[in-house]
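Chain by chain, the residues:
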Amino acid sequence: MSEDLTGRLVVTLDLTGVTDKAGLMDRAARALALPDWFGRNWDALVDSLCDHTVWPATAVERGMLVVVRGWRPYADAAPGEWLTAQDVFAEAVDRTPGLAVVLALGGSSEGPSAGPGGSVGP
């Protein structure tokens, strides 16, 4: 975790090697330091992203920027699940002031083409 130029806490959600929902949920739980009771389903993920009480303490007042990287193999392996994940990120951003989620494009693990993708959030 670090700080971006706007002062938000930056959390990297690295999906490198993830090809299914269970892997995404495990990575999200680790990256966001979610509590043991995190349900590892889509509703639980959106609720956790919206719930300041489970955010890292420094993010509560400053806001949080979640950078999702290494997502392309997951999007290719499970396109329907990936669309749902994007909907979850978008819903959480819409419901939560101070939260932004962006999709990092490029990188050596994702190949030379950026392709479709982008950012979600203010």
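Relevant structure appears above.
Here is what the cut-offs are and how they apply
Residues numbered from 1 in each chain as written. Predicted model: local features only at pLDDT ≥ 70, side-chain atom pairs only at ≥ 80, totals over all residues. Heavy atoms only, no water. Helix = DSSP H or I, 4+ residues; strand = E, 2+ residues; numbered from the N terminus. Buried < 20%, exposed > 50% of the residue type's maximum accessible area, 1.4 Å probe, protein only. Contact = heavy atoms within 4.5 Å. Axes fitted to C-alpha atoms, helices over the stretch in contact; angles between N-to-C directions. Parallel < 35°, antiparallel > 145°, perpendicular 65-115°, else oblique. Left-handed = near helix turned anticlockwise from the far one by under 90°. Nonpolar A, V, L, I, M, F, W, Y, C, P; charged D, E, K, R; others polar.

1. Description of the environment of Thr16
For Thr16, the position within the fold is in the loop between β2 (9-14) and α1 (21-31). In this structure Thr16 comes out as partly exposed when scored by relative accessible area, which is 32%. Residues Thr16 and Val68 lie 52 residues apart in sequence; the distance between their C-alpha atoms is 9.7 Å.

2. Let's talk about α1
Every buried residue belonging to α1 is among Gly23, Leu24, Met25, Ala28, Ala29 and Ala31, and all of these are buried. If you follow the buried residues of α1, they end up packed against β2, α2 (42-50), α4 (72-77) and α5 (79-95).

3. Looking at the packing of α2 against α5
Two quantities define a packed helix pair, namely the angle between the axes and the distance from one axis to the other. Running from N to C, α2 and α5 cross one another at 30°; their axes reach a closest spacing of 9 Å. Classified by the angle between their axes, α2 and α5 sit roughly parallel to one another. Read as a crossing pair, α2 and α5 show a hand that is right-handed. Each of Trp42, Leu45, Val46, Asp47, Leu49 and Cys50 in α2 lies in contact with α5, whose residues at this interface are Glu81, Thr84, Ala85, Val88, Phe89, Glu91, Ala92 and Arg95. Grouping the amino acids of the contact of α2 with α5 by side-chain chemistry returns nine nonpolar, one polar and four charged.

Keep in mind these numbers describe shape, not what the thing actually does.
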